[in-house]
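Results of the structural survey
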Amino acid sequence: LATLLTGLRNQPSTSLGHLLPEGTPTPLIPALIIIETTSLLIRPLALGVRLTANLTAGHLLIQLISTATIALFSTMPAVSLLALLVLFLLTILEVAVAMIQAYVFVLLLSLYLQENI
């Protein structure tokens, strides 16, 4: 939202020009402006939801497997050690996913900044 407002303040004609592609037929102009404005406002929200969902899913899976590992340790130690190995591998995967998510976040944020500033 801050990048959008900064873009509107510093370069209003360029920022508003993104709402209407060149060569748009006249009858489609009002609908296209509404669609592009909605898309522009939803983008940061969608980015936040995607990042939150991806990171939360990994943390939830780690929590479930660690709870199972602790619960199984007293009754089935071999299965518990196998679950601990899976937990270790999942933690490595979670770190990789976090790095990819950070890359995607920075990439999309830089694209939003280039478009609006």
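Residues numbered from 1 in each chain as written. Predicted model: local features only at pLDDT ≥ 70, side-chain atom pairs only at ≥ 80, totals over all residues. Heavy atoms only, no water.

1. Quick word on the overall build of the protein chain
A count of helices and strands for the protein chain gives four helices and zero strands. Along the protein chain, helices and strands appear, N-terminal first, in the series α-α-α-α. For 117 residues, the compact-globule estimate of 2.2 N^0.38 gives 13 Å, and the C-alpha radius of gyration of the protein chain, at 23 Å, exceeds that figure by more than 25%. Taken along the three principal axes of its C-alpha coordinates, the protein chain extends 70 × 30 × 20 Å. Taking all 117 residues of the protein chain together, 18% fall into the buried category. In the protein chain, once contacts between residues fewer than 6 apart in sequence are set aside, the share between residues at least 24 apart is 60%. As displayed, the protein chain has an accessible area near 8200 Å², and 78% of this comes from carbon and sulfur atoms. (Helix = DSSP H or I, 4+ residues; strand = E, 2+ residues; numbered from the N terminus. Rg over C-alpha atoms; globule rule 2.2 N^0.38 Å. Buried < 20%, exposed > 50% of the residue type's maximum accessible area, 1.4 Å probe, protein only. Contact = heavy atoms within 4.5 Å. Areas by Shrake-Rupley, 256 points an atom, 1.4 Å probe, with all protein chains shown as cover.)

2. Remarks on the side chain of Gln101
Relative to the assigned elements, Gln101 resides in helix α4 (residues 77-116). A residue is classified by how much of its surface remains accessible, and Gln101, at 11% relative accessible area, is buried. Only 3.4 Å separates the side chain of Gln101 from the side chain of Asn54, close enough to count as a polar contact. Every residue in contact with Gln101, bar those within four places of it in the chain, is listed here: Leu51, Asn54 and Leu55. (Polar contact = N/O pair within 3.5 Å; in protein donor to acceptor, adjacent residues only side chain to side chain.)

3. As for the environment of Thr91
Within the fold, Thr91 resides in helix α4. Owing to a relative accessible area of 35%, Thr91 belongs among the partly exposed residues under this scheme. On a C-alpha basis, the gap between Thr91 and Gly58 in space is 8.5 Å, while along the polypeptide they are 33 residues apart.

4. Some remarks on the UniProt feature "transmembrane region" (unreviewed entry) in the protein chain
Under the UniProt annotation, the feature "transmembrane region" (unreviewed entry) is placed at residues 28-49, 61-89 and 95-113. Across residues 28-49 one finds 95% helix and 0% strand; the C-alpha atoms that close the span lie 30 Å apart. Along residues 61-89 one finds 90% helix and 0% strand; the C-alpha atoms at either end are 12 Å apart. (UniProt positions renumbered as here; feature names shortened; annotations may be inferred.)

5. With respect to the environment of Leu113
By the element assignment, Leu113 lies in helix α4. Linking Leu113 and Thr6, residues 107 residues apart in sequence, is a C-alpha distance of 9.4 Å.

6. A short note on helix α1 (residues 2-10)
Within an α-helix, residues lying three or four positions from one another point in the same direction, as the helix has 3.6 residues per turn. When α1 is considered as a whole, its buried residues turn out to be Thr3, Leu4 and Gly7. Each buried residue of α1 sits inside an arc of 100 degrees when the element is viewed along its axis, so together they form one side. Of the exposed residues in α1, those oriented more than 90 degrees away from the buried face are Ala2, Leu5 and Arg9. Those residues of α1 that are buried lie in contact with α2 (12-17), α3 (29-73) and α4. (Arc of directions from axis to C-beta.)

7. Let's talk about the environment of Leu19
Looking at where Leu19 falls in the secondary structure, it is placed in the loop between α2 and α3. Between the alpha carbons of Leu19 and Leu32 there is a distance of 7.5 Å; along the sequence they are 13 residues apart. Leave out the neighbours within four places in its chain, and Leu19 touches Leu32, Ile33, Glu36, Thr37 and Leu40.

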